[in-house]
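Structure at a glance
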Amino acid sequence: MNIGELVLDGFQVDQDRVSAEFEHELTRLVRERGVPLAVDGAVTMDALSGLPPLPAGLSARRLGQELARAVHAGLSGRGEVTR
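Presented here is a report on the structure given in the accompanying data block. Since we're looking at a predicted model, the values are computed, not measured. (Residues numbered from 1 in each chain as written. Predicted model: local features only at pLDDT ≥ 70, side-chain atom pairs only at ≥ 80, totals over all residues. Heavy atoms only, no water.)

**Remarks on the nonpolar core**
If you look at the biggest cluster of nonpolar residues, it comprises seven residues: Phe22, Leu26, Val35, Leu67, Ala68, Val71 and Leu75. For this core, the secondary structure elements donating two or more residues are α1 (15-33) and α2 (60-75). Looking at this core element by element, the count peaks at four residues for α2. Beyond its immediate sequence surroundings of up to four residues, Ala68 is in contact with Phe22, Glu25, Leu26 and Leu29. (Core = buried A, V, L, I, M, F, W, Y, C linked by side-chain atoms within 4.5 Å. Buried < 20%, exposed > 50% of the residue type's maximum accessible area, 1.4 Å probe, protein only. Helix = DSSP H or I, 4+ residues; strand = E, 2+ residues; numbered from the N terminus. Contact = heavy atoms within 4.5 Å.)

**Overview of the side chain of Glu21**
On the secondary structure map, Glu21 appears in helix α1. Excluding its chain neighbours within four sequence positions, the residues that come into contact with Glu21 are Ala60, Arg61, Gly64 and Gln65.

**Re the packing of α1 against α2**
Two numbers describe how α1 lies on α2: the axes approach to 7 Å, and their chain directions differ by 40 degrees. When the axis of α1 is compared with that of α2, the two are oblique. Taken as a pair, α1 and α2 cross one another with a handedness that is right-handed. Of the residues in α2, those in contact with Arg17, Val18, Glu21, Phe22, Glu25, Leu26, Leu29, Val30 and Arg33 of α1 are Ala60, Arg61, Leu63, Gly64, Gln65, Leu67, Ala68, Arg69, Val71 and His72. Classifying every residue of the contact of α1 with α2 gives ten nonpolar, three polar and six charged. (Axes fitted to C-alpha atoms, helices over the stretch in contact; angles between N-to-C directions. Parallel < 35°, antiparallel > 145°, perpendicular 65-115°, else oblique. Left-handed = near helix turned anticlockwise from the far one by under 90°. Nonpolar A, V, L, I, M, F, W, Y, C, P; charged D, E, K, R; others polar.)

**Let's talk about the environment of Leu75**
On the secondary structure map, Leu75 appears in helix α2. As a C-alpha pair, Leu75 and Val30 span 45 residues in sequence and 9.6 Å in three-dimensional space.

Here it is in structure tokens:
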């Protein structure tokens, strides 16, 4: 899985820590639950939108985890995919 860019507006956190936590949690979710939208093979998306908002006061660790869960939910069919 390759995610080209994550854009976070309104958060004052360590971006490297958010990125590390995001990657760790998304890897775990994909390993445990798979990626339903890719069941027929590889899938390429330009954007994933329609995901729930995240509170701005989260720690870098928690933000990375919650962001990964939101992205995985989108890859599982909840959210709007632009291809």
